[in-house]
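A structural walkthrough
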Amino acid sequence: MSYDAVLFDNDGVLVEPATVSTLREAATTTFAEFGADPDPDHVDAICHTVTPDDLDRVCTAYDLDLAEFWKVRDGAVSEAQLRELRAGRTTTYDDVDALESFERPLGIVSSNQHATIEFMLDHFDLGRHFETYYGRPPTIEAFHRKKPEPYFLERALADLGVEDALFVGDSESDVLAADNAGLDSAFIRRPHRADYTLSVEPTYEIESLPEILPLLG
Ligand SMILES: [Mg+2]
């Protein structure tokens, strides 16, 4: 198999993911903004890979406006992540140097906020490697288009002018998004994924970015 381009998820692939405590703190701040005293399950539900069902369930429980709540939650998460990045507590994986060797168009499709992705690309001087990149605009419309929806993967393919790409991610939603876009996937099992189980089969499983190079054909 040969691929015309490589698309990457960002968090947990190129840059370390936000810690659980950072995300929980942002979630707790969000509920406090609305004067809600949340059940711990509801805090967990809005921490990470939030699904439309999670958001609906939480907003219904406290009678919150969904769009307003999501806006505040997104802002709190973004602020917490920027703080960790600026303090040097969140950084890139050592093997991002391998991006120099890919010799084909590269792109990013992340479910993190677009502005946060832009900050990271600049902060870590990674932007020069990528011809296109998508984070998620902080709106409810964009929330419904995030992975596993293929929407932003398809946008990236169109930007690069290719039909066939390999998508590299560290989550089930990445593997599903690749399937939904008709792309092959490489699941990268970084240390935070040591015990992570997938209910879908990725095309490849790898542990580091250089392992992608021989797969490209
Ligand atoms: Mg990820």
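Residues numbered from 1 in each chain as written. Predicted model: local features only at pLDDT ≥ 70, side-chain atom pairs only at ≥ 80, totals over all residues. Heavy atoms only, no water.

Now for the coordination of the magnesium ion. In an ideal octahedron of six donors the angles at the metal are 90 or 180 degrees, and in an ideal tetrahedron of four donors they are 109.5 degrees. Only Asp9 (OD), Asp11 (O) and Asp170 (OD) from the protein reach the magnesium ion as donors, at distances of 2.1 to 2.2 Å. Donor residues for the magnesium ion sit on one chain with the sequence pattern D-x1-D-x158-D. With Asp9 in the loop between strand E1 (5–8) and helix H1 (20–33) and Asp170 in the loop between strand E4 (165–169) and helix H8 (172–180), the pair connects residues that are 161 residues apart, well separated along the chain. Taken individually, Asp9 and Asp170 each receive the classification buried, so the pair is uniform in this respect. (Donors = N, O, S within 2.8 Å, 3.2 Å for Na, K, Ca; no water. Helix = DSSP H or I, 4+ residues; strand = E, 2+ residues; numbered from the N terminus. Buried < 20%, exposed > 50% of the residue type's maximum accessible area, 1.4 Å probe, protein only.)

All right, on to the sheet that holds strand E2 (residues 106–113) then. Here we have six strands laid out as an open sheet, ordered E3-E2-E1-E4-E5-E6, and parallel in their pairing. Of all the strands in the sheet, just strand E3 (132–136) and strand E6 (204–206) have a single pairing partner and so form its edges. Strand after strand, the sheet turns through a mean of 20 degrees between neighbouring axes, direction not considered. Here four bridges tie E1 to E4, and the two strands are oriented parallel to one another. (Pairing = 2+ DSSP bridges. Axes fitted to C-alpha atoms, helices over the stretch in contact; angles between N-to-C directions.)

Taken as a whole, this structure holds zero disulfides when the rule is applied. The structure places no disulfide on Cys47, whose sulfur is separated from the nearest cysteine sulfur, that of Cys59, by 14 Å. Overall, Cys59 belongs to the buried group, its relative accessible area being 3%. (Disulfide = S-S within 2.5 Å.)

A large share of E4 lies buried, amounting to five of its five residues. Covered by surrounding structure in E4 are Ala165, Phe167 and Gly169 together with Leu166 and Val168, the residues of both alternating faces. For the segment spanning E4, H8 and strand E5 (residues 184–188), crossover handedness is right-handed. (Right-handed = clockwise from strand over helix to strand, strands pointing away.)

Cis geometry marks the peptide bond from Lys147 to Pro148, where omega comes out at 15 degrees. In this structure, Pro148 sits in the loop between helix H6 (140–143) and helix H7 (151–160). Positive phi, close to 55 degrees, is recorded for Asp63, a residue that is not glycine. The class for Asp63 is exposed, based on a relative accessible area of 71%. Of note, the phi angle at Asp125 is positive, near 55 degrees, even though the residue is not glycine. Relative to the helices and strands, Asp125 is located in the loop between helix H5 (114–123) and E3. Of the residues examined, Asp125 reaches a relative accessible area of 47% and is grouped as partly exposed.

Each assigned domain of the chain is listed with its residue range as follows: domain 1 (5–16 + 91–215) and domain 2 (20–86). For domain 1 and domain 2, the distance between their C-alpha centres works out to 24 Å. In this assembly, 16 residues from domain 1 lie in contact with 15 residues from domain 2. Among the residues of domain 1 in contact with domain 2, Phe119, Ile140 and Phe143 are the three that bury the most area, contributing 39% of the side total. Summed over the shared surface of domain 1 and domain 2, the number is one salt bridge. Close ionic contact of Arg136 with Asp74 constitutes a salt bridge, the shortest N to O distance being 2.9 Å. If you look at where domain 1 meets domain 2, you find six residue pairs in polar contact (both at pLDDT 80 or more). For the side of domain 1 that touches domain 2, the elements supplying multiple residues, two or more each, are E2, H5 and H6. Examining the composition of the side of domain 1 that touches domain 2, we find that four residues originate from one element, H5, more than from any other. Its residues placed into classes, the side of domain 1 that touches domain 2 shows seven nonpolar, six polar and three charged. (Domains from an automatic or database assignment. Contact = heavy atoms within 4.5 Å. Buried area = accessible area lost by both parts, 1.4 Å probe. Salt bridge = Lys/Arg side-chain N within 4 Å of Asp/Glu carboxyl O. Polar contact = N/O pair within 3.5 Å; in protein donor to acceptor, adjacent residues only side chain to side chain. Nonpolar A, V, L, I, M, F, W, Y, C, P; charged D, E, K, R; others polar.)

What follows is about the packing of helix H3 (residues 52–61) against helix H4 (residues 66–86). Contact geometry of H3 with H4 gives a least axis separation of 10 Å together with a crossing angle of 110 degrees. Classified by the angle between their axes, H3 and H4 sit roughly perpendicular to one another. Seen from H3, the contacting residues are Leu55, Asp56, Val58 and Cys59; seen from H4, they are Leu66, Phe69 and Trp70. Here the residues of the contact of H3 with H4 sort into six nonpolar, no polar and one charged. (Parallel < 35°, antiparallel > 145°, perpendicular 65-115°, else oblique.)

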